[in-house]
Amino acid sequence: MTVSTEFSSKYFSLISLAEGVWAALSIPGTGSWSNAGIIDMGDQTIIFDAFATPTAAQDLRIAAEKLTGRQATIVLNSHYHLDHVSGNQVFQDVPIMSTKLTREQIAIQQPRLIEIFKNNPEYLDQVKAELEQEESYQKRQELEDLLGEYSMILKDTERFKLTLPTITFEDTITLNGARMYAEFTTYGGGHTCSDSFLYLPKEQVIFLADLMHIGYHADFRQGNVDQWINILERVKKLKIKTIVSGHGGIGTAEELDKMIDYLNTLKQISVDWVQHEGTIENIDEIDIPKRYASYGAPSIFHYNIKSLLEKGI
Ligand SMILES: [Zn+2]
């Protein structure tokens, strides 16, 4: 695993994971907002996820061309969240693939969210005001990063063009290249209603998108925590050397147990809270467990607990 020096971007760092396999790790606050991947199959180039802005995605496209010596041949969308698919338009001449559900959700959510950004530029001032008041290091970092991502999205709002996946699949699809093959698969939804991942069996590399967070709180408000755990238990059966997260860094198969533990811990905290007659109104009194104290995006922790309490756990 080495940092690639063949292309340098202000939006992401390129990490070489195996021959022809690179992770494009987001530099927080720059408009990329999530991790992506580039895979050189020998005769085709796969792009896994497309960042939060066309500006960052443009660099991803150029990086892929530099690294693989050819244009991107297919783009994969892991799930519908804006931070993974808003760069799609940069690849509008390339086939884009997702599950049917993900495509449907992009069509609904993407225009709605872009309108919200367009109509509420003052939101940036609110985040700035919050930042001035905030004392906790983790929360300041979260707000600073959000400010960066939102500013970049706002800059791009006028050029945003809804670009939907052109090919949909149900369970799994195998992409066969001259040098290697890749499996694009969904085990259903956990983080959202539909989450897909890219697995390279020979290289034992998996791009899990937001099914995996490393060093960051993972958001399950729009998904289902139990299904998420089930998905990760199934993923554990695959031979894996390297995991690329959707937010955070790169890890080994051990990260799967850590992620499952995180989800189970939050469930347990919520159960205990209700048993001790805690209410939704005072969940801020719940401390983040020490082993997650250094995690980024700490607000997500309490949002998650709130959603579990609202759903009756
Ligand atoms: Zn997501």
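Our structure is the block above this text.
**Re the side chain of His302**
Here is step 1 of the chain: Structurally, the position occupied by His302 is in helix α8 (residues 299-310).
Here is step 2 of the chain: For His302, the residues in contact, after removing those within four places along its chain, are Ile283, Asp284, Ile286 and Ile288.

**A closer look at the pattern of salt bridges**
Here is step 1 of the chain: On inspection of all chains with the given rule, the structure shows 15 salt bridges.
Here is step 2 of the chain: In this structure, the salt-bridge partner of Asp156 is Arg159, at a minimum N-O distance of 3.5 Å.
Here is step 3 of the chain: The buried category is assigned to Asp156, whose relative accessible area is 5%.
Here is step 4 of the chain: Between Lys267 and Asp226 there is a salt bridge, with its nearest N and O atoms 2.6 Å apart. Residue Lys267 is located in helix α7 (residues 254-275), and its partner Asp226 is located in helix α6 (residues 225-235); the two are separated by 41 residues in the primary sequence.
Here is step 5 of the chain: Asp226 sits in the partly exposed class, given a relative accessible area of 39%.
Here is step 6 of the chain: A single salt-bridge network, built from bridges that share partners, covers Glu19, Asp40, Arg70 and Arg179.

**Remarks on the nonpolar core**
Here is step 1 of the chain: If you look at the biggest cluster of nonpolar residues, it comprises 33 residues, and the most contacted ones within it are Leu208, Tyr262 and Leu263.
Here is step 2 of the chain: Of all the elements in the fold, those that place two or more residues in this core are β11 (196-200), β12 (205-214), α6, α7 and α8.
Here is step 3 of the chain: No other element matches α7, which puts eight residues into this core.
Here is step 4 of the chain: Leaving out residues up to four positions away in the same chain, Leu263 has contacts with Phe220, Val225, Trp228, Ile229 and Leu232.

**So, the environment of Lys258**
Here is step 1 of the chain: Assignment of secondary structure puts Lys258 in helix α7.
Here is step 2 of the chain: For Lys258, a relative accessible area of 43% puts it in the partly exposed group.
Here is step 3 of the chain: For the pair formed by Lys258 and His302, sequence separation is 44 residues and the distance between their alpha carbons is 19 Å.

**A closer look at the packing of aromatic side chains**
What describes a pair of aromatic rings is the distance from one ring centre to the other and the angle between the planes of the rings.
Here is step 1 of the chain: Scanning the model with the defined rule gives twelve aromatic pairs in all.
Here is step 2 of the chain: Judged by centre distance (5.0 Å) and plane angle (75 degrees), the ring pair of Tyr262 and Tyr292 falls under edge-to-face. Taken as a pair, Tyr262 in helix α7 and Tyr292 in the loop between α7 and α8 lie far apart in primary sequence, 30 residues in all.
Here is step 3 of the chain: Among the aromatic side chains, those forming a connected cluster through ring pairs are Trp33, Phe117, Tyr123 and Tyr150.

**A closer look at the sheet that holds strand β8 (residues 167-169)**
Here is step 1 of the chain: With respect to topology, eight strands assemble into an open sheet ordered β1-β2-β3-β4-β5-β6-β7-β8, the strand pairing being mixed. A single partner strand is all that each edge strand has here, and the edge strands are β1 (2-3) and β8.
Here is step 2 of the chain: In the sheet, β1 pairs with strand β2 (residues 12-18) via two bridges, with the strands oriented antiparallel. For Thr2, the partnering residue across the bridge sits in β2 and is Ser16.
Here is step 3 of the chain: Running over the sheet, helix α1 (residues 54-68) touches β2, β3 (21-26), β4 (36-40) and β5 (45-48) and is turned about 25 degrees from β4.
Here is step 4 of the chain: Taken strand by strand, helix α3 (residues 100-119) contacts β7 (96-99) and β8, and its axis lies near 105 degrees from that of β7.

**Quick notes on α6**
Here is step 1 of the chain: Buried residues of α6: Val225, Trp228, Ile229, Ile231, Leu232 and Val235, and no others. Projected down its long axis, α6 carries its buried residues within an arc of 160 degrees, all on one side.
Here is step 2 of the chain: On its buried face, α6 sits against β11, β12, α7 and α8.
Here is step 3 of the chain: Where α6 begins, the capping side chain belongs to Asn224, and its oxygen is found 3.0 Å from the backbone nitrogen of Asp226.

**What to know about the pairing of strand β9 (residues 172-176)**
Here is step 1 of the chain: Here β9 runs beside strand β10 (residues 181-186); their pairing, made up of five bridges, is antiparallel. In the strand pairing of β10, Leu175 is matched with Ala182.

**Things to note about the pairing of strand β13 (residues 242-248)**
Here is step 1 of the chain: Of all the seven residues making up β13, six are buried; the element is thus mostly covered by neighbouring parts of the structure.
Here is step 2 of the chain: Where β12 lies against β13, six bridges are found, and the strand directions are parallel. Following the sheet pairing, His213 is matched in β13 by His247.
Here is step 3 of the chain: Viewed along the sheet, the connection from β12 through α6 into β13 turns out right-handed.
Here is step 4 of the chain: As paired elements, β13 and strand β14 (residues 250-251) share two bridges and run antiparallel to each other. By the bridge assignment, Ile243 is partnered in β14 with Gly251.
Here is step 5 of the chain: Here β13 folds back onto β14 in antiparallel fashion, the turn holding one residue.

**With respect to unusual backbone geometry**
Here is step 1 of the chain: A positive phi is found at Phe51, a non-glycine position, where the angle reads about 65 degrees.
Here is step 2 of the chain: Tracing the backbone shows Phe51 in the loop between β5 and α1.
Here is step 3 of the chain: Classification of Phe51 by relative accessible area gives buried; the value is 0%.
Here is step 4 of the chain: Although it is not a glycine, Ala297 sits at a positive phi angle of roughly 55 degrees.

Thresholds, definitions, all that
- Residues take numbers from 1 onward in each chain, read along the sequence in its written order.
- Thresholds applied to this predicted model are a pLDDT of at least 70 for local features of residues and 80 or more for the giving and counting of side-chain atom pairs; totals over whole chains, interfaces and linings are not thresholded and use all residues.
- Side-chain measures were taken over the full set of non-hydrogen atoms in the model, leaving aside hydrogen atoms and water.
- Counting from the N terminus, the helices are DSSP H or I runs at least four residues long and the strands are E runs at least two residues long.
- The contact definition used throughout considers only heavy atoms, calling two residues in contact when any of these lie within 4.5 Å.
- Only one rule defines a salt bridge in this text: a Lys or Arg side-chain nitrogen within 4 Å of an Asp or Glu carboxyl oxygen.
- Only protein chains enter the calculation, and the probe is 1.4 Å; a residue is then buried if its accessible area is under 20% of its type maximum, exposed if over 50%, and partly exposed in between.
- The definition of a nonpolar core used throughout is a set of buried Ala, Val, Leu, Ile, Met, Phe, Trp, Tyr and Cys residues joined through side-chain atoms within 4.5 Å.
- For this analysis, a ring pair means two rings from Phe, Tyr or Trp (six-membered ring only for Trp) whose centres lie within 6.5 Å, classed as stacked if their planes differ by under 30 degrees, edge-to-face if by over 60, and tilted for the remaining angles.
- Strands qualify as paired when DSSP identifies two bridges or more between them.
- Between the N-to-C directions of two axes lies an angle of 0 to 180 degrees, each axis being a line fitted to C-alpha atoms and, for a helix, fitted only over the stretch in contact.
- The arc in question is the one traced by the directions running from the helix axis out to the C-beta atoms.
- Any pair of N or O atoms that falls within 3.5 Å is considered a polar contact. Within protein, one atom must be able to donate a hydrogen and the other to accept it, and sequence-neighbouring residues count only if both atoms are side-chain atoms.
- Handedness is read with the strands pointing away from the viewer; a crossover is right-handed when the path from the first strand over the helix to the second is clockwise.

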